[in-house]
Amino acid sequence: MSDMTTAPVPRHQIRASHTADTITVYQAYHPRIGVPAALEGRFPPAWKRERMTWVKPSFLWMMYRCGWATKADQETVLAVEITRTGFDRALRDACLSHYVPAVHPDRADWQRTLRTAPARVQWDPERDLHLNPLPYRSLQLGLAGEASRAYADEWTVAIRDVTPLVREIHGLLRSGAPEAARALLPQEVPYPAGPLEHLGG
């Protein structure tokens, strides 16, 4: 992934590591969840399937959120490869997490949609290598109810513990070697999600 300063980047755009069939998203957990998830390739019973879970296609936004795996209960960073079919379904059925007049007919309509939507989206400032905000946004996808259960038990193809990579990149940054750190970043490119008008995209 690069900071994408050579060409204008749309304000709302999904950028991710993806193949023809899968897309990689990131999450960070306490080791008691993250370690067995990576070892078994699926989320353990202790992972609460009834709770909303947020996934991030952006590695650097995940680093901003977990503080390079230093924040409490976020010490294990997982790269979760899920089916594009599931991801696309979540996007299709998602609702913005906040009211946007240009997207929703009125606030009441947004509230009705939000109550029943199995997924929600928020767009937060993307981050550069030093975790400074950039002028374009990164997708955060929240999955609840049926979508959360499907994510854990149907969509997940593989789970990798990338905490060693996180620590290596962070160590290079701290030692004053940003280009070496940048070379280790996952390669993220625009994801072909199609029109996302209902999500402000």
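Above this note sits the structure.
**Comments concerning the pattern of salt bridges**
Note that side chains of opposite charge can pair when their charged atoms are close.
So, point 1. Across all of its chains, the model carries 6 salt bridges by this definition.
So, point 2. Linking Glu126 and Arg15 is a salt bridge whose minimum nitrogen-to-oxygen distance equals 3.4 Å. With Glu126 in strand 6 (residues 119-127) and Arg15 in strand 1 (residues 15-16), the pair connects residues that are 111 residues apart, well separated along the chain. Grouping residues by exposure puts Glu126 and Arg15 together as buried.
So, point 3. The shortest N-O distance in the salt bridge between Glu179 and Arg182 comes to 3.6 Å. Here Arg182 and Glu179 lie together in helix 7 (residues 178-183), a separation of 3 residues that amounts to about one turn.
So, point 4. Residue classification places Glu179 among the exposed residues on the basis of a relative accessible area of 55%.

**Here's the deal with the sheet that holds strand 8 (residues 156-161)**
So, point 1. One open sheet accounts for 3 strands, arranged 2-4-8; its pairing is antiparallel. The open sheet terminates on both sides in strands that have one partner only, identified here as strand 2 (22-29) and strand 8. Mean inter-strand twist for the sheet, computed between neighbouring axes without regard to direction, equals 25°.
So, point 2. One ladder, built from 5 bridges, connects strand 4 (residues 76-83) with strand 8; its direction is antiparallel. Bridge pairing in strand 8 places Val80 opposite Ile159.
So, point 3. Against the sheet, helix 1 (residues 31-40) touches strand 2, strand 4 and strand 8, its axis set at about 45° to strand 4.

**Quick word on the pairing of strand 7 (residues 133-143)**
So, point 1. With 8 of its 11 residues buried, strand 7 lies for the most part within the structure.
So, point 2. Here strand 3 (residues 53-55) pairs with strand 7 via 3 bridges, running antiparallel. Opposite Thr53, over in strand 7, you have Leu143 as the bridge partner.
So, point 3. Relative to strand 7, strand 6 is paired through 8 bridges, and the arrangement is antiparallel. Following the sheet pairing, Trp123 is matched in strand 7 by Leu139.
So, point 4. Where strand 6 folds back on strand 7, the antiparallel hairpin that results is connected by 5 residues, among which Leu131 adopts a positive phi of roughly 70°.

**Regarding the environment of His130**
So, point 1. Within the fold, His130 resides in the loop between strand 6 and strand 7.
So, point 2. Through-space distance from the C-alpha of His130 to that of Leu173 is 8.0 Å; in sequence the pair is 43 residues apart.
So, point 3. The contacts of His130, once residues within four sequence positions are left out, are Leu173 and Pro178.

The rules we used
- Residues numbered from 1 in each chain as written.
- Predicted model: local features only at pLDDT ≥ 70, side-chain atom pairs only at ≥ 80, totals over all residues.
- Heavy atoms only, no water.
- Salt bridge = Lys/Arg side-chain N within 4 Å of Asp/Glu carboxyl O.
- Helix = DSSP H or I, 4+ residues; strand = E, 2+ residues; numbered from the N terminus.
- Buried < 20%, exposed > 50% of the residue type's maximum accessible area, 1.4 Å probe, protein only.
- Pairing = 2+ DSSP bridges.
- Axes fitted to C-alpha atoms, helices over the stretch in contact; angles between N-to-C directions.
- Contact = heavy atoms within 4.5 Å.

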